[in-house]
Amino acid sequence: MKLGFVGAGNMATGIARGLASARGEPGAPEAMLFADANPDRAAEVAAEVGGEVVADNRALADAADLVVLAVKPNVLDEVAPELADAGTPIVSILAGTSLERLAQALPEVDLVRVMPNLGAQLRQAVLCVSYPEGLPEERRTEAAGLLGLLGEVVEIDEGLIDAATALMGCTPGYLALMAEALVEAGVAEGLTTEQSLSMVARSMVATGGLLELHRPADLKRAVASPGGMTEAGLDALEAHGFREALQAAVDASLERVRG
């Protein structure tokens, strides 16, 4: 399969990196093609993953067997005509852009809507997928096989995809902010930045694994011994509105994507 990327931003790059590391496995693309409004950016990503730069979107779509649409949503109508003329099946990762809206811009094109997160570049992503009614089974199989190389594929009703994105798509940013604050706290107590970051990063990785085995409340109780350091820290977080702040973050993300 030749896989084309229209747009070479952060998420497209993460997907390309993940697929490059899967090269040779069943379902992995044999070649990756890139086109972007910034040709230098497309060239940079292509060089990193062993891909090829294509001059324009139409040439890319003509050469590819499947296209990942990874532009900003506000330029959909600008890039759609060339892609629609080519008719190549499309996997869209455009935020806040429904299958109905995609179908209006790309009539007669087989479409799949996917919301991934940046774990794709480590092949540890969560990828929420919605398929339109009437999509040929071969297209579902093709998309699921490709995306499965990047992590866990979750088929979801499109009406829930914004809520899912506010969790799995935005959570890496929230955790990065938390890590930043914890590293700063460690440095303030005399640890080096490198030491603090290593400790926080490994703790986050381990916690993610443990959450696949235990409910959050159970894990929290297991870590927080009565009268201990963790309990004191958790009490301080609750007192300072940590839970409410996270809810506000989710609400703000949904408000933004829903316009």
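All residue numbers refer to positions counted from 1 along the written sequence of the respective chain. Reporting in this predicted model follows two pLDDT cut-offs: at least 70 for local features of residues, and 80 or more for side-chain atom pairs to be given and counted; totals over whole chains, interfaces and linings ignore these cut-offs and use all residues. As a convention, hydrogens and water are excluded, and side-chain values are obtained from all of the structure's heavy atoms.

1. With respect to the sheet that holds strand β7 (residues 125–130)
So, step 1. On the basis of which strands lie adjacent, the open sheet formed by eight strands has the order β3-β2-β1-β4-β5-β6-β7-β8 and mixed pairing. Since the sheet does not close on itself, it has two edges, and those belong to β3 (52–53) and β8 (151–155), each with one partner.
So, step 2. Any two strands with at least two DSSP-identified bridges between them are counted as paired. Numbering of helices and strands starts at the N terminus; helices are DSSP runs of H or I of at least 4 residues and strands are runs of E of at least 2. Pairing of β7 with β8 involves five bridges; the strand directions are parallel. Residue pairing in the sheet places Leu127 in a bridge with Val153 of β8.
So, step 3. We call two residues in contact when some of their heavy atoms are within 4.5 Å. Lines are fitted to the C-alpha atoms to define the axes, a helix being fitted only along its stretch in contact, and any angle between axes, read from their N-to-C directions, falls within 0 to 180 degrees. In the packing of helix α1 (residues 10–21) onto the sheet, contacts are made with β1 (2–6) and β2 (31–35), and the angle to β1 comes to roughly 160 degrees.
So, step 4. Lying over the sheet, helix α6 (residues 137–147) contacts β1, β4 (66–69), β6 (111–115), β7 and β8, oriented at roughly 145 degrees with respect to β8.

2. Considering the pattern of salt bridges
When charged atoms on two side chains of opposite charge get close, those side chains can pair.
So, step 1. The rule for a salt bridge is simple: a side-chain nitrogen of Lys or Arg has to be within 4 Å of a carboxyl oxygen of Asp or Glu. A full pass over the atoms with the stated rule returns 13 salt bridges.
So, step 2. Here Asp162 and Arg258 are joined by a salt bridge, their closest N and O atoms 4.0 Å apart. Residue Asp162 is found in helix α7 (residues 161–169), and its partner Arg258 is found in helix α12 (residues 242–258); the two are separated by 96 residues along the sequence.
So, step 3. For Arg258, a relative accessible area of 53% corresponds to the exposed category. Note on exposure labels: buried denotes an accessible area under 20% of the residue type's maximum, exposed denotes more than 50%, and partly exposed covers the range between, all computed with a 1.4 Å probe on protein chains only.

3. What to know about the side chain of Thr88
So, step 1. Secondary-structure assignment places Thr88 in the loop between α4 (76–86) and β5 (90–92).
So, step 2. If near-sequence neighbours (up to four positions away) are discounted, Thr88 is found in contact with Ala61, Asp62, Ala64, Asp65, Leu66, Val67, Leu83 and Val109.

4. Structural notes on the state of the cysteines
So, step 1. Criterion for a disulfide: a pair of cysteine sulfur atoms at a distance within 2.5 Å. By the definition in use, this model includes zero disulfides.
So, step 2. Summary of cysteine pairing: Cys128 is not part of a disulfide, and the nearest cysteine sulfur, belonging to Cys170, is at 12 Å.
So, step 3. Note on Cys170: relative accessible area 23%, which makes it partly exposed.

5. With respect to α1
Along an α-helix, a turn takes 3.6 residues, which lines up residues three or four apart on a common side.
So, step 1. With twelve residues, α1 extends 17 Å from end C-alpha to end C-alpha; this agrees with the ideal 16 Å at 1.5 Å per step.
So, step 2. Buried within α1 are the following residues: Ala12, Thr13, Gly14, Ile15, Ala16, Gly18, Leu19 and Ala20. Helix span is expected to be 1.5 Å times the residue number reduced by one.

6. Describing helix α8 (residues 171–188)
So, step 1. The end-to-end C-alpha distance of α8 is 26 Å, a good match for the 26 Å that 18 residues give at a rise of 1.5 Å each.
So, step 2. For α8, the full list of buried residues reads Ala179, Val183 and Gly186. One side of α8 carries all its buried residues, which in axial view fall inside an arc of 60 degrees. Facing away from the buried side of α8, by more than 90 degrees, are the exposed residues Leu177, Glu184 and Ala188.
So, step 3. If you follow the buried residues of α8, they end up packed against α9 (193–211).
So, step 4. One or two steps after α8, the chain reaches Gly190, where phi turns positive at roughly 110 degrees. Throughout, the arc means that of the directions going from the helix axis to the C-beta atoms.

7. Details of the environment of Ala84
So, step 1. Tracing the backbone through its elements, the reader meets Ala84 in helix α4.
So, step 2. Remark: the alpha-carbon pair of Ala84 and Ala61, spanning 23 residues in sequence, is separated by 9.1 Å.

8. Considering the packing of α1 against helix α2 (residues 39–49)
So, step 1. Axis separation between α1 and α2 bottoms out at 9 Å; the angle between their running directions is 20 degrees. When the axes of α1 and α2 are compared, the pair comes out roughly parallel. Between α1 and α2 lies a crossing whose hand is right-handed. The segment α1 lies against α2, with Asn10, Thr13, Ala16, Arg17 and Ala20 engaging Arg41, Val45, Glu48 and Val49. Every angle not falling under 35 degrees, over 145, or within 65 to 115 is termed oblique; those three ranges are roughly parallel, roughly antiparallel and roughly perpendicular. The handedness criterion is simple: a crossing whose near helix is rotated anticlockwise from the far helix by less than a right angle is left-handed, and one whose near helix is rotated clockwise is right-handed.

9. Describing the nonpolar core
So, step 1. Counting residues in each nonpolar core, the largest one holds 34 residues, and the members touching the most others are Leu3, Phe5, Leu19, Met32, Phe34, Val112 and Val114.
So, step 2. Mapped onto this core, the elements with two or more residues apiece are β1, α1, β2, α2, β4, β6, β7 and α6.
So, step 3. Of the residues forming this core, the biggest block, five residues, is contributed by α1.
So, step 4. Here Leu19 is in contact with Leu3, Phe5, Pro29, Met32, Leu146, Leu149 and Leu150, once residues within four sequence places are set aside. Here the nonpolar core consists of buried residues drawn from Ala, Val, Leu, Ile, Met, Phe, Trp, Tyr and Cys, with membership extended through side-chain atoms lying within 4.5 Å.

Read these as spatial facts, not as claims about activity.
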